[in-house]
Amino acid sequence: MFSQRQFQRCLLRTRFCRVNVRGRRLIQTEPLQNAEETVNVYKPILPSKKYEFKINTDQKSEMVSLYEACVFTNDFVRSAQLLGRIANFNATDENMYPYIEFYLRHLINSEDFSLDSMIRTTRAILKKSKLPGNATIYAYYFQAALLKEGKDSGYPVLHRMAVEWRYRKGKVVDILSQTSILSSEQIQAIIRILNIPLETLSNSQLALFGFQSSNLTENDLIRNTAVKGESRLKPVPATEHVYIDKIKSKGMRLDALLKSLNNISTSPEELPVDEVSLEKVPSSELVNLARQKLLEKSSIASAIDLWKAEYEEIFQRGGALPKNKEASALFYQWFVELKELFNQENKRLDAFYHRIETNAGNPYIAEGFCGPFLKLLKADKLAALTIIEVIRSISSFSSQEEIEETHGVLISRLTDAVGRSFEREFLSERIQAEEREGHIRLRDNLKYVFNNPRAFRTAVKELRRNADENDGKWKHALESWPRYVTTKIGAIAISLFLQAAKMDINFKRSDTGESVKESVSAFAHTYQYIHGRKSGVLRPRVELLKLIASEFQNPLIHPQMLPMLVRPKPWVQWDKGGYYYSRESIIRLKGCTEQLDYVKEASRKGHLKKVYGALSALGDVSWRINRFTFDVIVKIWNSGEGMLSIPPKNVEVNLPPYPKQALNPNDRATWYSLRDKLTRDKATAHSQRCDFNYKLEIANSYLNERFYFPHNMDFRGRVYPMSAHLHHVNNDFCRGLLEFSEGKPLGPNGLNWLKVHLANLFGNSKVDYATRQKFVDDNIEEVFDSYDRPLDGRKWWTSAEDPFQALAAIAEIAKATRSENPETYVCHVPVQQDGTCNGLQHYAALGRDPDGAHEVNLSPNDRPKDVYDAVAKIVISKLEHESMKGDEMASALKDKIDRSVVKPTVMTNVYGVTYVGAKNQIISQLEKRGDIPKDMLNNYSSYLTKMVFRALRSLFERAHEIQDWLSTCSYLISNSLPAEYIEEGHKDKLTPTIWTTPLGFPIIQPYRNFKKRQVQTNLQSVCIEDRDRVASVEPRKQAAAFPPNFVHSLDATHLFMTCLKAKAANITFASVHDSYWTHACDVEKLGSLLREAFVELHSQKIMEKLRNEFRKRYKNYMIQKDVARRYDLWISTEYADKKWVPLRIPTLPSQGSFDLTKVLESKYFFS
């Protein structure tokens, strides 16, 4: 009797026959003529690789037979259903792939299919099989996309499948190698569509894909370019490194950084170009993008390898660690010992759990609750992360004295940082594992996921949804770890670290003078009273600090925070822009994260398009290292001598002998004070030299490179480069090293603007343009001497206020002047235009104050007004008046006041400087004079501070009225609550000051009183701060900070508006807050644009809009009656006997008569 399986064969005999050969199912499309016919002649039509199908049950065998029958009869709906049932038998088994490939091949050959439906069905089967998909399946996807998508569509599905394959860590070339599926014509079409450079393919691959070597012309090599007219791949620039003297560095401290830049092969075939070819960049930039990817990708393993390499190198040299062993070798020694301690801790935890299981332990004590979190990572990861976090926390200190001044490293912060690093690493491992196994599709960078709770929860849900076999194993571990847990496990890690962190110290015995080596702890755990509270701190030994400082170039710095080798990603969302492979937020949050929710909502509604456009435009500016300035700085550096802001290599401390026999106790006190000052000065100089060394090494690595600075914002909207250390917002040293990579001819007026720029750098910014140009012309011989002999000549350039920027400008002026035609000279140095006390300019415009506008150059003047000089004259006049009345202080000070004394206070007054801060500024300026008795500095500064404040208020009366109004509004808002909260009995002040900039960027002041909690650890009792967004606000701090923050948001808006106008006019634009940079030939054009932007900004009735926003946002908010009365707010009779009354926003101060359009005519508004 025939079995059911034989019966099915007979029914389908006329269409196909399935036979078995040695346990392998073969497909034969022709009917068998004779049942006795040998079957050895038949070959499978499945891919050439011979898969052995697993047939475990008769039920599955029958299902497979029926599935094959349905495929051959083109019943693809039923075959897909059967394929899903077959997946139940082959879950996680790669032998499932041939079934899926068989289905796809016949479906595509039928040409009667929906592309989206095919992919959706196949994905569902793969997911059910717990398989990610292989290159063969994706080759079928590519083939189907070519058949179903047209050129006009841009092949979106093909692009999407390629991106998906890349996210699965595969290479597109592996898909293209499936030549049994894809024809040569199809492969070549895919190469063109996906913008894959032919230079990245080997000769054998080109031959496999149908490219004949005789036909590979230059046009063939660039035909895959996505944008018409672009050149072929740019080669990697020739690597060049200048010798730079390191501070006592014998180790490999810079290798981690230099390896990313200098050891990248110049051959495109050795770079991951295929991995980045799907990004939306010109094909000519793919090599640089591949290098950028290598630059951004770093891991803990690289730090461990570096430590191990130096450790082994030392032992190869002598077999023992010498006195001056490299820090990396020491870290590796710690790493080995700490790893063993973690292994022992894990064994102890295992024994503890065994006691629990036998009812001999309490599962709720610290080990029972926190121990499992430690076991989530391997011991080597725990050890490396602990060392990295500790060393990072002390890397900013250069001496024991500096640590004492800053109270060392707080244990409470360090333990949480270590615990959080464990959490991040664990989540990274889990997400990578799930993605590698194909259980999830994750396109978001881990850093983005961990820093954003909503994205983190989404990732966790995805992990749980796809981790069926875990049975809830990771349920709790994948949640955000509580602060209590991170503090506990961090404390355990630090406790073990202190046991492992030893170092050898050589010292001489006082009795015998013999040199003795002793192994001591590298750190001390002590307590310190900080702001009246007893806090635990971790202090490193001074020998360790010296060792770290001598090799300051920290290999643990995140490479993604370096300048980019390609144009940054344009900002399109709040978290999508800047770096390619490291997700960053558009804002730098300050403590409280609630602003992020507002920014997300504004982004979702499309309110931030102009902000995104401006940030992208700032990042599009390309830079390069100014080679002339760089060479001069390197010569100064290598000489070891101090010059300008570069500290000397060795600082001599000329400390007089201790006055043992002094009769006056003040002499000994003076000696101790002098000793402390000299020690601090030496430590500061060493720290500064370390900082210079690091920046100089980065500049050295970027020689001959074109690079970019991606930008983001602080919570007020002010922009900053995302890359650390070397950027144009940094000090004069960094600015002098940088110039635009794309130069422009000077044109008819460019050389004059260069001269104005140089005069400004010499401090001559308060005279007219003609006088500034004359200053340079009169010193043209000094210009030539400074250029020809910067270090051997008269060194005129060193007398500038910003000497390194001045040196860069001098070089351009000298070269342009000596050229045949200065107008055609291509200049790269940026020319800067600065606002005149920009905060006061905004206040004058807000209040339409004619007097204030005149003092800060909003109105046209023949020469620039000097607001600092104006305030100084008022103060001098008051002093003279008081002196005539017999005031002794006034008499002593009236001849000692100039603009330099009042400048810092005037400059910061608009940004909310306090009385104490202003007093300290004036003390500092009076000390520089050297003719004020030290015992009178405090009294004189207090007297002058009050007088300067009164002078400012008299000169900018409307500005102070606006300041007062802003502070009042913020204080009232901070003391208010929604009416429903009051009905529910809430009393805490929970309302922060929130406003929206004219470009739609929402701002929330982050000043809150965060609650603190004591956690007992095995190290000490740690006080942790819960950053809860419902914590009460600080009304006084909210009120004091609102005026400066509001003005900062306005100057940021002005910058954005100017940037967008410059981009539309094709003008290079960079900025440092209220200092706008461009090419010399475009200074006048940019000047017109920034004035137009300022007038456009302040024509929007900013204050009225702000008041209306407050009234709308805080409608139905209530405030306590005593607060309302304090600010003379009107209270209706119905609330006469009630404690809470409605919040009313005060009326605006009156405006003056200043005509805002006069700004367009003001030559010195920005100059």
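Refer to the structure above for everything that follows.
Residues numbered from 1 in each chain as written. Predicted model: local features only at pLDDT ≥ 70, side-chain atom pairs only at ≥ 80, totals over all residues. Heavy atoms only, no water.

Student: Sorry, what's going on with the nonpolar core here?
Tutor: Nonpolar side chains in soluble globular proteins tend to be buried together. If you look at the biggest cluster of nonpolar residues, it comprises 120 residues, and the most contacted ones within it are Ile-586, Leu-858 and Phe-1046. In terms of residue count, helix α43 (residues 1035-1064) provides more of this core than any other element does, eleven residues in total. Residue-level mapping places this core at the junction of two domains, with at least three residues from each of domain 2 (252-445 + 481-503 + 516-582) and domain 3 (845-1080 + 1098-1166). Beyond its immediate sequence surroundings of up to four residues, Phe-1046 is in contact with Leu-846, Leu-966, Trp-995, Ile-1102, Met-1103 and Leu-1106. (Core = buried A, V, L, I, M, F, W, Y, C linked by side-chain atoms within 4.5 Å. Buried < 20%, exposed > 50% of the residue type's maximum accessible area, 1.4 Å probe, protein only. Helix = DSSP H or I, 4+ residues; strand = E, 2+ residues; numbered from the N terminus. Domains from an automatic or database assignment. Contact = heavy atoms within 4.5 Å.)

Student: What should I look at first to understand the sheet that holds strand β15 (residues 738-740) in this one?
Tutor: The strands making up a sheet associate through hydrogen bonds between their backbones, and the pairing can be parallel or antiparallel. On the basis of which strands lie adjacent, the open sheet formed by three strands has the order β12-β11-β15 and antiparallel pairing. Where the open sheet ends on each side, the last strands, each with one partner, are β12 (707-708) and β15. (Pairing = 2+ DSSP bridges.)

Student: Hey, could you run me through the packing of helix α4 (residues 97-110) against helix α6 (residues 135-148) in this one?
Tutor: For any two helices packed against each other, one specifies the crossing angle of their axes together with the interaxial distance. In contact at an axis separation of 10 Å, α4 and α6 are set at 15° when each is read in the N-to-C sense. As far as their axial angle goes, α6 and α4 are roughly parallel. Here the hand of the crossing between α4 and α6 comes out left-handed. Residues Tyr-97, Ile-100, Glu-101, Leu-104, Arg-105 and Ile-108 of α4 form the contact with α6, whose participating residues are Thr-136, Ile-137, Tyr-140, Gln-143, Ala-144 and Leu-147. The residue inventory of the contact of α4 with α6, partitioned by class, reads eight nonpolar, two polar and two charged. (Axes fitted to C-alpha atoms, helices over the stretch in contact; angles between N-to-C directions. Parallel < 35°, antiparallel > 145°, perpendicular 65-115°, else oblique. Left-handed = near helix turned anticlockwise from the far one by under 90°. Nonpolar A, V, L, I, M, F, W, Y, C, P; charged D, E, K, R; others polar.)

Student: So what exactly am I meant to see when it comes to the pattern of salt bridges here?
Tutor: Pairing is possible between side chains of opposite charge, provided their charged atoms come close. Going through the model one piece at a time under the given rule, you end up with 26 salt bridges. Across the pair Glu-345 and Arg-348 runs a salt bridge, and its minimum N-O distance is 2.8 Å. Here the residue Glu-345 and the residue Arg-348 both occupy positions in helix α16 (residues 327-357), the gap between them amounting to three residues, near one helical turn. Residue Arg-348 is classed as partly exposed on the basis of its relative accessible area, which comes to 37%. A salt bridge links Lys-774 to Asp-778; its shortest N-O distance comes to 2.8 Å. Taken together, the residues span about one helical turn, with Lys-774 and Asp-778 both in helix α31 (residues 769-778) at a distance of four residues. (Salt bridge = Lys/Arg side-chain N within 4 Å of Asp/Glu carboxyl O.)

Student: So what exactly am I meant to see when it comes to the packing of helix α5 (residues 115-129) against helix α7 (residues 156-167) here?
Tutor: The interhelical angle for the contact between α5 and α7, taken along N-to-C directions, is 20°, at an axis separation of 12 Å. Taken together, α5 and α7 sit at an angle that is classed as roughly parallel. Crossing of α5 over α7 shows left-handed handedness. Contacts between α5 and α7 pair Leu-115, Asp-116, Ile-119 and Arg-123 from the former with Val-157, Arg-160, Met-161 and Glu-164 from the latter. Its residues assigned to classes, the contact of α5 with α7 shows four nonpolar, no polar and four charged.

Student: Could you clarify how one ought to interpret helix α18 (residues 379-394) in this entry?
Tutor: Every α-helix carries 3.6 residues per turn, so stepping three or four residues along brings you back to the same face. A rise of 1.5 Å per residue sets the reference length of α18, with its 16 residues, at 22 Å; its end C-alpha atoms lie 23 Å apart and thus fit the reference within 8%. Of all 16 residues making up α18, twelve are buried, and the element is well covered by its neighbours. Of the residues making up α18, those classed as buried are Ala-379, Leu-382, Ala-383, Ala-384, Leu-385, Thr-386, Ile-387, Ile-388, Glu-389, Val-390, Ile-391 and Ile-394. (Expected span 1.5 Å × (residues − 1).)

Student: Would you mind going over the environment of Asn-626 with me for this structure?
Tutor: Turning to its location among the elements, Asn-626 is positioned in the loop between β11 (622-625) and α27 (627-639). The class of Asn-626 is buried, set by a relative accessible area of 5%. Sequence separation of Asn-626 and Val-829 is 203 residues, and the distance between their C-alpha atoms is 8.4 Å. Residues in contact with Asn-626, not counting those within four places in the same chain, are Gly-736, Leu-737, Glu-739, Ala-808 and Val-829. Among the polar contacts made by the side chain of Asn-626, one reaches the main-chain amide nitrogen of Phe-628 at a distance of 3.2 Å. (Polar contact = N/O pair within 3.5 Å; in protein donor to acceptor, adjacent residues only side chain to side chain.)

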